[in-house]
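Reading the structure
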Amino acid sequence: PKVLVVVAVSGCGLLAYAEANPERKLVSSAPVLTSAEVDNKKKKVVVLGTGWAGTSFLRNLKNPDYEVHVISPRNYFAFTPLLPSVTCGTVEARSIVEPIRNIARKKTVDVQFSEAACLKIDAVNQKIYCRSNVENNLNGQEEFVVDYDYLIVAVGANVNTFNTPGVVENCHFLKEVEDAQKIRRTVIDCFERASLPAVSDEEKKRILHFAIVGGGPTGVEFAAALHDFVNEDLVKLYPRVKDLVKITLLEAGDHILNMFDKRITAFAEEKFQRDGINVKTGSMVVKVTEKEIFTKELKNGGEVSTIPYGMALWSTGVGTRPFIKDFMSQVGQANRRVLATDEWLRVEGCDKVYAIGDCATINQRKVMEDIAAIFRKADKDNSGTLTVEEYKAVINDICERYPQVQVYLKSKQMKNMVDLLKETPDVSKGSAELNIEDFKTALSNVDSQMKNLPATGQVAAQQGVYLAKCFNRMEDCEKNPEGPLRFRGEGRHRFRPFRYKHLGQFAPLGGEQTAAQLPGDWVSIGHSSQWLWYSVYTSKQVSWRNRALVVTDWVRRFIWGRDSSRI
Ligand code: FAD
């Protein structure tokens, strides 16, 4: 029998401890639940994580021949795109979470859930070591070992602080529901503290200075949400300090939202300027203390300046969890930044383990080799050159087969790729021919620019669906190995590789205006996109209960405004 194991990780204290101590010796007397003991007919699938990837896998798994064990320190799924709305009370935390047991109970598949964090993966013996969540009744003391036939690692990523001193101690993060609730309380705290009679004007100004580090979608959306909260609700409640509030967005690059179309970036920067949100680009944070942020002004020859602040949010991208790093060194990936999988989402060097979502990436090197092979195939006369028509067909083929490139084609970065390819000697000379060596050089330039699939819920959810479909048909394919599903002659796998379908992305900018970048490079900005945003995010909720709660919260906010009680 086969067992599928899914592991999920939360941002709880235990996890932080476990992650800080990946080498900690785990109790050898911990009970081992063998799959044979549970059911010797079914294969055991262990799923680590109840985020976008793990939950979407679970929701789409239909084959009752598996016994599934989901392990995660958080016993719910959270709809992360609405976390910025939770920070300001536009939406309540409970409206965007769904208990994982509620999802599991509706399944025909045998699903068990354990609220615990995985501390170590032993890929050789097909076991994972876990510890119960520190916040539950077991007080974090209970350790156990689970064996698996298949392991699905969907543990997401942690915050990347780039080892900047003082960030962990002094900044807020926005990854988990608890983070959003903490931010909401801190914002209110700042207004209450600034309203105390004994506080000097200088200190009031500092307390009411909200600094956001990172001009990506999360930082921008939080800045916009906070601006709305302050201007629509808090100014009425705190009239004495309303003129002292300042919101600053710090970004090391030249522009905010630089992964979006230039039109969106320009609109966002202009709108923030109009709204009085101070956007400082070329500003790299080098240190954070309790009351000050130190930045290196890249446009000013690296001059260091200090910014007094009351609350700071750190939102600069994602990093790898320590126990995943430990696993990477076990499977010969110690020198990689992120866990690499093949295009079938199997961890390279580890057949029974799959990795999906933010914790993994499809290996680019292999993709590049395959792309070169596409070129060679197109070069029918073996001349080492392609005509422009053949060249176009190659680019189309590449975009069709490789989601990473496809994402780039749909965004402004693909234009960089096309530019780079155009810069290759033959093409720039207008000779209408492209030499394979030039093509490869151009591709390697592209490779250094071409990042992995974006770390988004959209990618994670599609990977979960893809993998569940593979598992639904796995038995069938084993019985009929030569069946029509074989994609490649070399027999690397029985299924077609994962393909990402980009459905577009939103950047809410406040004041009931949203920027939407939709497939086909279609850009829409303004109030109509805000309504599109409302309808897409309502439909994407995982249950009717969530839909009803979220819509009710929006209506409540329209009628009575946001609640500013500090609870
Ligand atoms: P996660 O959703 O982070 O889930 C990881 C799971 O692993 C969690 O359940 C966690 O508890 C569990 N886990 C952690 N450690 C362990 C462990 N040791 N053992 C077991 N389990 C563990 N994406 C979009 O597409 N659109 C958006 O609009 C969007 N907005 C966002 C807004 C914010 C504020 C944030 C923070 C993210 C947003 N994203 C958005 C990105 C999206 O949330 C992530 O890409 C997505 O959550 C990744 O899914 P995942 O399943 O890989 O990881």
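Residues numbered from 1 in each chain as written. Predicted model: local features only at pLDDT ≥ 70, side-chain atom pairs only at ≥ 80, totals over all residues. Heavy atoms only, no water.

So, a nonpolar patch on the surface
Where nonpolar side chains cluster on the molecular surface, the patch consists of Trp 531, Val 551, Val 555, Phe 558, Ile 559 and Trp 560 and spans about 690 Å² of accessible area. With five residues, helix α20 (residues 544–560) is the single largest residue contributor to the nonpolar patch. Inspection of the secondary structure assignment puts Val 555 in helix α20. The exposure class assigned to Val 555 is partly exposed, which follows from its relative accessible area of 43%. (Patch = residues over 30% accessible without salt bridge, like charges linked within 9 Å, V, L, I, M, F, W, Y side chains within 5 Å. Areas by Shrake-Rupley, 256 points an atom, 1.4 Å probe, with all protein chains shown as cover. Salt bridge = Lys/Arg side-chain N within 4 Å of Asp/Glu carboxyl O. Helix = DSSP H or I, 4+ residues; strand = E, 2+ residues; numbered from the N terminus. Buried < 20%, exposed > 50% of the residue type's maximum accessible area, 1.4 Å probe, protein only.)

Observations regarding unusual backbone geometry
Phi at Gln 126 takes a positive value of approximately 55°, unusual for a residue other than glycine. The class of Gln 126 is partly exposed, set by a relative accessible area of 23%. Even without being glycine, Glu 512 reaches a positive phi, approximately 60°. Here Glu 512 shows up in the loop between β25 (505–510) and β26 (513–518).

So, the pattern of salt bridges
When the charged atoms of two side chains lie near each other, side chains of opposite charge can form a pair. Inspection of the entire model under this criterion finds 19 salt bridges. Residue Glu 92 pairs with Arg 556 through a salt bridge whose shortest N-O separation is 3.8 Å. Of the two residues, Glu 92 sits in the loop between α4 (83–87) and β6 (97–99) while Arg 556 sits in helix α20, which places them 464 residues apart along the sequence. A salt bridge links Lys 271 to Asp 275; the shortest N-O distance between them is 2.7 Å. Residue Lys 271 and its partner Asp 275 are located together in helix α10 (residues 262–275), separated by four residues, close to a single helical turn. Overall, Lys 271 belongs to the buried group, its relative accessible area being 4%. Each of Glu 232, Asp 233, Glu 512, Arg 557 and Arg 562 takes part in a single network of salt bridges with overlapping partners.

A look at the sheet that holds strand β16 (residues 292–297)
Within a sheet, adjacent strands bond to each other through the backbone by hydrogen bonds, running parallel or antiparallel. Spatially, the three strands line up as an open sheet ordered β15-β16-β17, and their pairing is antiparallel. In the strand order of this sheet, the two ends are held by β15 (283–288) and β17 (303–308), each with one partner. Across the sheet, the mean angle separating the axes of adjacent strands is 35° when strand polarity is ignored. Judged from the six bridges that link them, β16 and β17 form a sheet pairing that is antiparallel. Residue pairing for β17: Thr 295 is matched across the bridge by Ser 305. (Pairing = 2+ DSSP bridges. Axes fitted to C-alpha atoms, helices over the stretch in contact; angles between N-to-C directions.)

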